[in-house]
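Architecture at a glance
Next come the chains, spelled out residue by residue.
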Amino acid sequence: MRDGQENVAGLLLAAGGGRRLGGRPKALLEHRGRPLVEHAVGVLRAAGCDRVHVVLGAAADAVRERARLEGCVLVENPGWADGMGSSLRAGLDSLAGTGSRGALVSLVDQPGIGPEAVRRVLAGFADEDSLVSAAYDGVRGHPVLFGSAHWAGIAATATGDRGARAYLKEHQEAITLVECGDVARPYDIDTEADLAHLQ
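First things first, this report covers the structure right here in the doc. (Residues numbered from 1 in each chain as written. Predicted model: local features only at pLDDT ≥ 70, side-chain atom pairs only at ≥ 80, totals over all residues. Heavy atoms only, no water.)

A closer look at unusual backbone geometry
This is how it is decided: Counting from the N terminus, the helices are the DSSP runs of H or I reaching at least four residues and the strands are the DSSP runs of E reaching at least two. When a residue's accessible area, from a 1.4 Å probe over protein chains only, is under 20% of the maximum for its type it is buried; when over 50% it is exposed; and in between it is partly exposed.
Along the chain, histidine 142 connects to proline 143 via a cis peptide bond; the corresponding omega equals 0°. As for its placement among the helices and strands, proline 143 is situated in strand E8 (residues 139–147). Positive phi outside glycine occurs at alanine 59, with the angle close to 50°. With respect to the helices, strands and loops of the structure, alanine 59 is situated in the loop between strand E4 (52–56) and helix H2 (60–66). Residue classification places alanine 59 among the partly exposed residues on the basis of a relative accessible area of 35%.

Structure (structure tokens):
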């Protein structure tokens with residue numbers, strides 16, 4: 001692990017209510033016999049994130065009960081229904097004062113993205129000014145890494161389901177793209193048809 005990478009926290013956004021899945025919270029969908037949120041935390045840990053913050057929202061109590069999330073900082077987002085932006089803000093807020101110099105943000109509903117892709121993005125971290133993103137055939141995707149110098153700006157523009165999109169568009173030239181198309185598949189579990197991806 002390169003110098004400084006140990007100061008990058010994993011930030012897992014797992015608050016969604018699965019509106020298009022008939023209201024089934026994505027964190028609790030089953031993948032390989034365990035809740036999806038547990039799988040996603042395992043990916044971050046395997047990639048080298050020692051500190052992992054998990055933003056919960058829909059069915060947070062059930063997630064705490066069913067998923068093994070020992071050692072994670074669980075962040076509850078009461079405004080989760082407003083969209084991903086509020087979860088990103090809650091997550092970044094929870095990292096303030098922890099000494100973290102960067103946040104590697106991943107989404108709970110992308111089980112096709114494993115440790116190798118996360119490791120590549122993590123390896124792109126240089127300092128607090130870093131902006132690194134996975135790319136799939138040259139197209140920006142997840143996970144993304146935000147150096148702490150960007151957190152306030154991202155939080156100020158993260159609204160609705162947009163997350164950091166507006167901020168990243170504005171700072172496009174500063175983003176280091178890391179190709180991950182050879183080791184990961186960036187599908188989302190959004191609809192009933194997507195459930196076929198779960199094992």
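Now that the structure has been shown, we can carry on.
A look at the packing of helix H1 (residues 36–47) against helix H4 (residues 115–123)
What counts is decided by this rule: Axis angles are defined between N-to-C directions and span 0 to 180 degrees, where every axis is a line fitted to C-alpha atoms and, for a helix, only to the segment in contact. In what follows, roughly perpendicular refers to angles from 65 to 115 degrees, roughly parallel to angles under 35, roughly antiparallel to angles over 145, and oblique to any angle outside these ranges. Note on convention: near helix rotated counterclockwise from far helix by under a right angle means a left-handed crossing. Clockwise means right-handed. It only takes one pair of heavy atoms within 4.5 Å for two residues to be counted as in contact. For this classification, the nonpolar set comprises Ala, Val, Leu, Ile, Met, Phe, Trp, Tyr, Cys and Pro, the charged set comprises Asp, Glu, Lys and Arg, and every other residue, Gly included, is treated as polar.
At their nearest, the axes of H1 and H4 sit 8 Å apart, and the two run at 50° to each other. Judged by the angle between their axes, H1 and H4 are oblique. Viewed along their axes, H1 and H4 form a crossing whose handedness is right-handed. Residues Val43, Leu44, Ala46 and Ala47 of H1 touch H4, and the partners they reach there are Pro115, Val118, Arg119 and Leu122. Partitioned by chemical class, the residues of the contact of H1 with H4 number 7 nonpolar, no polar and 1 charged.

Digging into the side chain of serine 86
To keep it simple, the criterion reads: Residues adjacent in sequence count toward polar contacts only when both atoms are side-chain atoms; beyond that, a polar contact is any pair of N or O atoms within 3.5 Å, and within protein one must be able to donate a hydrogen and the other to accept it.
Within the fold, serine 86 resides in helix H3 (residues 84–95). A relative accessible area of 7% means that serine 86 is categorised as buried. A polar contact of 3.0 Å, which involves the side chain of serine 86, links it to the backbone oxygen of glycine 79. Among all residues touching serine 86, those that are not within four sequence positions of it are Asn77, Gly79, Trp80 and Gly160.

Focus: the environment of cysteine 180
Structurally, cysteine 180 is set in the segment after strand E9 (176–179). The buried category is assigned to cysteine 180, whose relative accessible area is 0%. Distance in space between the C-alpha atoms of cysteine 180 and arginine 140 is 10.0 Å, their sequence separation being 40 residues. Residues contacting cysteine 180, with those up to four places away along its chain left out, are Ala117, Arg120, Ala134, Ala135 and Tyr136.

A look at the pairing of strand E6 (residues 102–107)
We apply this condition: Paired strands, as defined in this entry, are two strands with at least two bridges between them according to DSSP.
Most of E6 sits out of view: 6 of its 6 residues are buried. With 6 bridges joining them, strand E1 (residues 8–14) and E6 adopt parallel strand pairing. The residue bridging leucine 12 from the neighbouring strand is serine 106, located in E6. Here E6 runs beside E8; their pairing, made up of 4 bridges, is antiparallel. Each bridged residue has a counterpart across the sheet, and for valine 105 the counterpart in E8 is valine 144.

Observations regarding the nonpolar core
Which entries qualify depends on this criterion: In this description, a nonpolar core means a group of buried Ala, Val, Leu, Ile, Met, Phe, Trp, Tyr and Cys residues linked to one another through side-chain atoms lying within 4.5 Å.
Counting 42 residues, the largest nonpolar core has Leu12, Ala14, Val37, Val54, Val63, Leu104 and Leu145 as the members making the most contacts within it. Among the secondary structure elements, those contributing two or more residues to this core are E1, H1, E4, H2, H4 and strand E7 (131–136). It is H1 that contributes the most residues to this core, 7 residues altogether. Leu13, Leu95, Val105 and Leu168 belong to the second largest nonpolar core, which has 23 residues in total.

Quick word on the environment of arginine 45
Along the chain, arginine 45 turns up in helix H1. Using a relative accessible area of 32% as the deciding quantity, one classes arginine 45 as partly exposed. Expressed as a C-alpha distance, the spacing of arginine 45 and alanine 126, which sit 81 residues apart in the sequence, is 20 Å. Only 3.5 Å separates the side chain of arginine 45 from the backbone oxygen of glutamate 70, close enough to count as a polar contact. Polar contacts involving the side chain of arginine 45 include one to the main-chain carbonyl oxygen of glycine 71, which spans 3.5 Å.

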